[in-house]
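# Summary of structural features
Okay, here's what each chain looks like letter by letter:
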Amino acid sequence: MRFENILEQMKNRMPERRYIHTRGVAETAIQLAGKYGADTEKAEIAGILHDSVKYAEKEWLKSIIISENMDAKLLEFHHELWHAPVGSYVAKKEFNIDDEDILNAIKFHTTGRAGMSDLEKIIYISDMIEPSRNFPGVEDLRKIANIDLEEGMLSCVQHSMAFLIKKRQPVFPDSFHCYNDLIQKRGKVKE
């Protein structure tokens, strides 16, 4: 890993299990970026930083969302979503990341969005399929992601939304917009 010093800083921010996940996301992101012609260094940095505030205090996350005028809809949804946009803010303020693609990859790694860049898709997918993930269907998602980036992203967002719907949890609007955008770009809309 080229950014071992940043990765080392993550050790103090999260439990060992999440640190292993973070390493896995960075490694998977590097591999997918190489496969799909994206910048591997950007993929590594975004992968390392994607969960940098996952274990921050809920009230602090909320205060950043409010003080930085982030999407107020976030506060109507489970606080599990908050670490992504606040993590993007921390990447910029604390780690001096000014690349918008990296910041967006961190910001949208839990919800997705319409018009995602390849790097954003790579981080979203890597977060779901990295080697320590073990849930029904993960092997299929890994296979698809290694064949086609667009189909991999579509499969991952479908899986995420289906999981939330099965649990009777609300789905953040960006996820629906992401799904619709991917379907429409595929030309699968029936007239």
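The sections below set out a description of the structure shown in this document.

The rules behind each value
- Residues numbered from 1 in each chain as written.
- Predicted model: local features only at pLDDT ≥ 70, side-chain atom pairs only at ≥ 80, totals over all residues.
- Heavy atoms only, no water.
- Helix = DSSP H or I, 4+ residues; strand = E, 2+ residues; numbered from the N terminus.
- Rg over C-alpha atoms; globule rule 2.2 N^0.38 Å.
- Buried < 20%, exposed > 50% of the residue type's maximum accessible area, 1.4 Å probe, protein only.
- Contact = heavy atoms within 4.5 Å.
- Areas by Shrake-Rupley, 256 points an atom, 1.4 Å probe, with all protein chains shown as cover.
- Lys, Arg positive; Asp, Glu negative; His and termini not counted.
- Charge placed at Lys NZ, Arg CZ, Asp CG, Glu CD.
- Phe/Tyr/Trp six-rings, centres within 6.5 Å; stacked < 30°, edge-to-face > 60°.
- Lys NZ or Arg CZ within 6 Å of the ring centre and 35° of its normal.
- Core = buried A, V, L, I, M, F, W, Y, C linked by side-chain atoms within 4.5 Å.
- Salt bridge = Lys/Arg side-chain N within 4 Å of Asp/Glu carboxyl O.

We now examine the overall build of the protein. Along its length, the protein carries ten helices and zero strands. Counting helices and strands in the order they occur from the N terminus, the protein gives α-α-α-α-α-α-α-α-α-α. In terms of overall size, the protein behaves like a compact globule, its C-alpha atoms giving a radius of gyration of 16 Å where 191 residues would be expected to give roughly 16 Å. Expressed as lengths along the three principal axes of its C-alpha atoms, the size of the protein is roughly 50 × 35 × 30 Å. Looking at the protein residue by residue over its 191 residues, the buried ones come to 48%. Restricting to contacts in the protein with at least 6 residues of sequence separation, those with at least 24 account for 61%. Counting only carbon and sulfur atoms, one obtains 49% of the accessible surface of the protein, whose full area is about 9900 Å². For the protein, the separation between the mean place of its 27 positive charges and that of its 31 negative charges on side chains is 5 Å.

A word on the side chain of His21. As for its position among the elements, His21 is in helix H2 (residues 16-36). Residue His21 is classed as buried on the basis of its relative accessible area, which comes to 4%. Setting aside anything within four residues of it in sequence, one finds His21 in contact with His50, Asp51, Asp127, Glu130, Ser132 and Arg133.

With that out of the way, let us pick up the packing of aromatic side chains. Overall, the coordinates contain one aromatic pair when judged by the stated rule. Measuring from ring centre to ring centre gives 4.9 Å for Phe77 and Phe172, while their planes differ by 75 degrees; the resulting arrangement is edge-to-face. Taken together, the residues span a long stretch of sequence, with Phe77 in the loop between helix H4 (58-67) and helix H5 (83-93) and Phe172 in the loop between helix H9 (149-166) and helix H10 (173-186) at a distance of 95 residues. The class for Phe172 is buried, based on a relative accessible area of 4%. Across the ring face of Tyr36, the terminal group of Lys35 is positioned such that the distance to the ring centre comes to 6.0 Å.

So, about the nonpolar core. Membership of the largest hydrophobic core comes to 55 residues, with the highest contact counts inside it found for Leu49, Val86, Ile97, Ile125, Ile129, Met153 and Val157. Ranked by residue count, the leading element in this core is helix H7 (residues 118-129), at seven residues. The contacts of Ile129, once residues within four sequence positions are left out, are Thr28, Leu32, Val138, Leu141, Arg142, Ala145 and Cys156.

Most peptide bonds are trans, and most residues other than glycine sit at a negative phi. In this structure, Asn69 takes a positive phi of about 50 degrees despite not being glycine. If you trace the backbone, Asn69 turns up in the loop between H4 and H5. In this structure Asn69 comes out as exposed when scored by relative accessible area, which is 69%. In this structure, Arg168 is a non-glycine residue whose phi angle is positive, near 60 degrees. Turning to its location among the elements, Arg168 is positioned in the loop between H9 and H10. Classification of Arg168 by relative accessible area gives exposed; the value is 77%.

Evaluated as defined, the whole model comprises 15 salt bridges. Across the salt bridge formed by Glu94 and Arg13, the nearest N and O atoms sit 2.1 Å from each other. Within this pair, whereas Glu94 is found in the loop between H5 and helix H6 (100-107), its partner Arg13 is found in the loop between helix H1 (4-11) and H2, the two being separated by 81 residues in sequence. By relative accessible area, which is 43% here, Glu94 ends up partly exposed.

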